[in-house]
Amino acid sequence: MNIYQELKARGFIYQETDSAAIEKMLSTEKVVFYCGFDPTGNSLHVGHLLPVMAMKLLQKAGHIPTVLVGGATGAIGDPSGRSTARNMLTMETVAANVECLKKQLARFISLADGEANFVNNFDWLGKLNLLDFLRDIGSRFSVNRMMAQKSVESRMENGLSYLEFSYSLLQAYDFYFLNKNYNCRLEIGGQDQWGNMAAGTELIRRMYDEERVAHFMTIPLLMNPATGQKFGKSIGGASVWLDPERTSVFDYYQFWRNTDDAMVGELLKKFAINLPVEEAEALAHCGNINRAKEILAAEATAIAHGEEAARTAFNTAGSRFGFADPENRIPTSSRVAQIVQGEAELPVVAVPQAELAQGILVAKVLMLAGITKSNSDGRRLIQGGAVSLDGEKVTDVNAVISKISENGIVLKAGKKNFRRIKLG
């Protein structure tokens, strides 16, 4: 199958301008394409990864990704999918976030020998003259059509500032600028970006008197059927971050390992992209769903954090909970088959001496461990009988830890969240 057919088979294509034209272009030419990421935070999370995986596949097929980190659009905030305006960030914060996201995205997209472009739209949007922009660009947009965009229509009841209303024009200008200066002919992004992306192709067509055609395709939202939420949240509702300081590598691995059974096949096709589509489908029906989850977790962790980190997380989880296929009976081309299964240490939660002297709430330790988002979440987990220390269930929501042995204390939350508490 060609790259277009592979994207289709893996479920990466939801809507597109012209399927036949896009397939022909990707099959016969070396295409420059782009995807944008707004730096509204200093880390991406799992929910951002779908277009990143599609970019990796396209790059692997020989096409050239242009990774746009929106230093300008990030200062405004995309209204798509939001009921209220984002908190306004300072330009200094946005600039710092841009650098963080560039480093993260560079782990996924190869920069070798000019194989990709990394750009910041502040470099061109920040230089625009307002009057020229309104005359040259604003004159080519219909307000009636912009009002019909879902991102605008859904906000009319609660109010939409002109700042946010202008976002679509700026994203459209990004595509026009990249088309003109990088010969970028294809944009990809989430399905909620349809209106913004359509504005970009329309602007290119109008700027060139309909002589130049650009395309885009959207990627479907990934929903968790068990919760009805967008995919990318942990069981406790917290975001799963790519920054290991916010979500440890072990927790990242466990997020994939604990995914809902019904989603395994789809996730293997989308996030274990080093495996052929046919193998991903076969693993989901191999009769050992936990082995399929191990493979998914190891592959996804290796892509985000490297093979060594994935190997350590795999062994840490396996040594605590058991390995799903210790004899490697399930055939796979995954790197998991080459890992020597053995003992590994649990992730450590460090408790400061000063807090230990006063007695630190178990609920707070759960938060420090990244298992819950607040003390109240921790108390609810304790109340539900899901927390134990060294095998002894914690029943008091106000229980504290005031002493830690040299070997630490093993904290268990739920069935599969383990930490070793040590003095920090």
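Please refer to the structure higher up on the page.
Before going into details, it helps to say that this report is about the structure given with it. All figures in this text were calculated on a predicted structure; none of them were measured in a lab.

1. Thoughts on helix α10 (residues 167–182)
- Compared with the 22 Å implied by 1.5 Å per residue over 16 residues, the 22 Å span of α10 between its first and last C-alpha is a close match.
- Within α10, 13 of the 16 residues are buried, which leaves it mostly tucked inside the rest of the structure.
- N183 sits one or two residues past α10 and shows a positive phi near 55 degrees.

2. Quick notes on the packing of helix α15 (residues 289–305) against helix α16 (residues 307–321)
- Where α15 meets α16, the axes come as close as 7 Å, and the angle between the chain directions of the two elements is 145 degrees. The element α15 and its partner α16 pack so that their crossing is right-handed. Taking contact as the criterion, the partners of R291, E294, A298, T301, A302 and H305 in α15 are, on α16, E307, A309, A310 and F314.
- Among the residues forming the contact of α15 with α16, the class breakdown is five nonpolar, two polar and three charged.

3. Quick word on the sheet that holds strand β12 (residues 409–413)
- Taken together, five strands build an open sheet; the order of strands is β7-β13-β12-β9-β10 and the sheet is mixed. In this open sheet, the two strands that pair with only one neighbour each are β7 (348–351) and β10 (392–393).
- Relative to β12, strand β9 (residues 387–389) runs antiparallel, the two sharing three bridges. Residue pairing for β12: V387 is matched across the bridge by A413.

4. Here we look at the nonpolar core
- Ranked by size, the top nonpolar core spans 69 residues in total, and within it W256, L268 and F271 carry the most contacts.
- Within the second largest apolar cluster, 29 residues are counted, among which are Y34, I64, V119 and L203.

5. Re the sheet that holds strand β5 (residues 184–190)
- Sheet architecture is open: six strands sit in the order β1-β6-β5-β2-β3-β4, paired in mixed fashion. The sheet is open, and its two borders are formed by β1 (15–16) and β4 (117–120), each paired with just one other strand.
- By the bridge criterion, five bridges tie β5 to strand β6 (residues 215–219) in an arrangement that is parallel. By the bridge assignment, G189 is partnered in β6 with T218.

6. Observations concerning the pattern of salt bridges
- A complete count under the given rule lists 17 salt bridges for this structure.
- Across the pair R291 and E294 runs a salt bridge, and its minimum N-O distance is 3.0 Å. Placement of both R291 and E294 in helix α15 is noted, with a separation of three residues, approximately one turn of the helix. For the pair R291 and E294, one class covers both residues: buried.
- Ionic pairing is found between D325 and R291, a salt bridge with its closest N-O pair at 3.4 Å.

7. Section: the pairing of strand β3 (residues 64–69)
- With six of its six residues buried, β3 lies for the most part within the structure.
- Side chains of β3 alternate between two faces, with I64, T66 and L68 and P65, V67 and V69 buried alike.
- In the sheet, strand β2 (residues 32–37) pairs with β3 via six bridges, with the strands oriented parallel. The residue bridging Y34 from the neighbouring strand is T66, located in β3.
- Two strands pair when backbone bridges link them, and β3 and β4 are joined in this way by four bridges, in the parallel orientation. Opposite V67, over in β4, you have F118 as the bridge partner.

8. Observations concerning the packing of aromatic side chains
- For the structure shown, the criterion picks out 14 aromatic pairs.
- Centre to centre, the rings of Y252 and W256 are 6.1 Å apart; their planes meet at 65 degrees, and the pair counts as edge-to-face. Of the two residues, Y252 and W256 both sit in helix α12 (residues 249–257), four residues apart, roughly one turn of that helix. One exposure class covers both Y252 and W256, and it is buried.
- Centre to centre, the rings of F255 and W256 are 5.3 Å apart; their planes meet at 75 degrees, and the pair counts as edge-to-face. For the residue pair F255 and W256, the accessibility class agrees, reading buried in each case.
- Ring pairing ties together the aromatic residues F231, Y252, F255, W256 and F271, which thus form one cluster.
- The ring of Y208 carries the charged tip of R212 above its face, separated from the ring centre by 4.0 Å.

9. Examining the environment of M197
- In this fold, M197 is placed in helix α11 (residues 194–207).
- Overall, the relative accessible area of 0% leaves M197 in the buried class.
- Distance from M197 to F216, taken between C-alpha atoms, is 6.7 Å for residues 19 residues apart in sequence.
- When residues no more than four places from it in sequence are discounted, the contact partners of M197 are Q171, E187, I188, G189, G190, F216, M217 and T218.

10. Thoughts on the side chain of K270
- By the element assignment, K270 lies in helix α13 (residues 264–271).
- Judged by relative accessible area, which is 4%, K270 ranks as buried.
- At a separation of 3.0 Å, a polar atom in the side chain of K270 contacts the main-chain carbonyl oxygen of R10.
- Polar contacts involving the side chain of K270 include one to the main-chain carbonyl oxygen of G11, which spans 3.4 Å.
- In this view, K270 contacts R10, G11, F12, L50, M53 and L222; residues no more than four positions away in its chain are not counted.

What counts as what
- Residues numbered from 1 in each chain as written.
- Predicted model: local features only at pLDDT ≥ 70, side-chain atom pairs only at ≥ 80, totals over all residues.
- Heavy atoms only, no water.
- Helix = DSSP H or I, 4+ residues; strand = E, 2+ residues; numbered from the N terminus.
- Expected span 1.5 Å × (residues − 1).
- Buried < 20%, exposed > 50% of the residue type's maximum accessible area, 1.4 Å probe, protein only.
- Axes fitted to C-alpha atoms, helices over the stretch in contact; angles between N-to-C directions.
- Left-handed = near helix turned anticlockwise from the far one by under 90°.
- Contact = heavy atoms within 4.5 Å.
- Nonpolar A, V, L, I, M, F, W, Y, C, P; charged D, E, K, R; others polar.
- Pairing = 2+ DSSP bridges.
- Core = buried A, V, L, I, M, F, W, Y, C linked by side-chain atoms within 4.5 Å.
- Salt bridge = Lys/Arg side-chain N within 4 Å of Asp/Glu carboxyl O.
- Phe/Tyr/Trp six-rings, centres within 6.5 Å; stacked < 30°, edge-to-face > 60°.
- Lys NZ or Arg CZ within 6 Å of the ring centre and 35° of its normal.
- Polar contact = N/O pair within 3.5 Å; in protein donor to acceptor, adjacent residues only side chain to side chain.

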